[in-house]
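Report on the structure
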Amino acid sequence: MRYLKSVLGTKKRLIVAVSGGSGLIYAKDLLESLKSFEIETHLVVTAGAKQVFPTELKGTLKAFEALADVAHKDTDLGASIASGSFRALGMVIVPCSAGTLAKVATGFTDNLVARAAHVTLKENRPLILVLREAPYSRPMLKNMLEAKDAGATIMPASPGFYNQPETIAQLVAGITARTLDLLGIDNSHSPRWKDSDGT
Ligand SMILES: Cc1cc2nc3c(=O)[nH]c(=O)nc-3n(C[C@H](O)[C@H](O)[C@H](O)COP(=O)(O)O)c2cc1C
């Protein structure tokens with residue numbers, strides 16, 4: 001946290017983007033968990049995610065967006081987060097669809113999610129892509145490598161089972177915890193390997 005403070009001054013902000021992959025529950029869990037930290041969350045939901053939303057989450061989109069401190073429109077390319085002068089500790093795209101991955105890999109910035117991701121890369125800030133597709137196509141695998149080479153972290157929505165999770169919430173929490181770890185946010189959102197015996 002000391003590192004984050006020195007980089008960001010007093011206000012810490014995180015961009016959370018939700019694209020049209022399956023797994024919106026991961027985004028919900030991340031946004032809820034971020035409420036425990038002094039981090040201002042900036043949310044963008046793509047049109048694709050809005051289409052997936054009713055099939056995966058209960059409640060309204062408005063209530064979902066209210067989990068964030070600020071909600072931006074994906075069509076608003078003039079939003080604060082579209083500029084490198086907006087200081088943020090990084091960005092998570094969760095879930096990240098194959099389509100949004102392709103935009104990140106190629107720098108094709110036709111919506112706010114793609115623009116903010118491009119800005120995050122050019123400013124050398126952490127960009128975490130929580131991908132959800134199975135199996136992966138060759139274009140997707142190539143785009144993953146391009147995005148990785150450009151500085152993004154490829155984080156498949158592929159939970160671990162070593163802690164013997166019994167609920168979907170526990171599985172989801174495992175991905176959220178690792179995502180927070182990647183951003184340098186100290187957390188105990190999910191048990192760690194060998195947490196139980198303290199070694
Ligand atoms: C119910 C539903 C589930 C989907 N699941 C996935 C998925 O898991 N991964 C993916 O890459 N695309 C998935 N798609 C397709 C994307 O939503 C679609 O390609 C969309 O254009 C992505 O645009 P976006 O990245 O701007 O949100 C799904 C679509 C629907 C309607």
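The present account deals with the structure reproduced in this document. (Residues numbered from 1 in each chain as written. Predicted model: local features only at pLDDT ≥ 70, side-chain atom pairs only at ≥ 80, totals over all residues. Heavy atoms only, no water.)

Considerations on the packing of aromatic side chains
How we decide: Note on aromatic contacts: the rings of Phe and Tyr and the six-membered ring of Trp form a pair at centre separations within 6.5 Å, being stacked when their planes are under 30 degrees apart, edge-to-face when over 60 apart, and tilted otherwise. Runs of E in the DSSP output that reach at least two residues are strands. Runs of H or I that reach at least four are helices, and both are numbered from the N terminus. The classification of residues rests on relative accessible area computed with a 1.4 Å probe and restricted to protein chains. Under 20% of the type maximum is buried, over 50% is exposed, and intermediate values are partly exposed.
Per the counting criterion, the structure on display carries two aromatic pairs. Between Phe 53 and Phe 64, the ring centres sit 5.6 Å apart and the planes meet at 70°, which makes this aromatic pair edge-to-face. Here Phe 53 is found in helix α3 (residues 47-56), whereas its partner Phe 64 is found in helix α4 (residues 61-65), with 11 residues between them in sequence. Neither residue differs from the other here; Phe 53 and Phe 64 are each classed as buried. Ring geometry for Tyr 162 against Trp 193: centres 5.7 Å apart, planes inclined by 85°, an arrangement best described as edge-to-face. Here Tyr 162 is found in the loop between β6 (152-156) and α8 (168-182), whereas its partner Trp 193 is found in the segment after α8, with 31 residues between them in sequence. Owing to a relative accessible area of 57%, Trp 193 belongs among the exposed residues under this scheme.

Some details on unusual backbone geometry
Residue Val 94 is joined to Pro 95 through a cis peptide bond whose omega torsion reads -10°. Within the secondary structure, Pro 95 sits in strand β4 (residues 90-96). Each neighbour pair has its own omega, and for Ala 134 with Pro 135 the value is -10°, a cis peptide bond. Inspection of the secondary structure puts Pro 135 in the loop between β5 (127-131) and α7 (138-150). Non-glycine residue Gln 164 carries a positive phi angle of around 50°. Looking at where Gln 164 falls in the secondary structure, it is placed in the loop between β6 and α8. The exposed category is assigned to Gln 164, whose relative accessible area is 65%.

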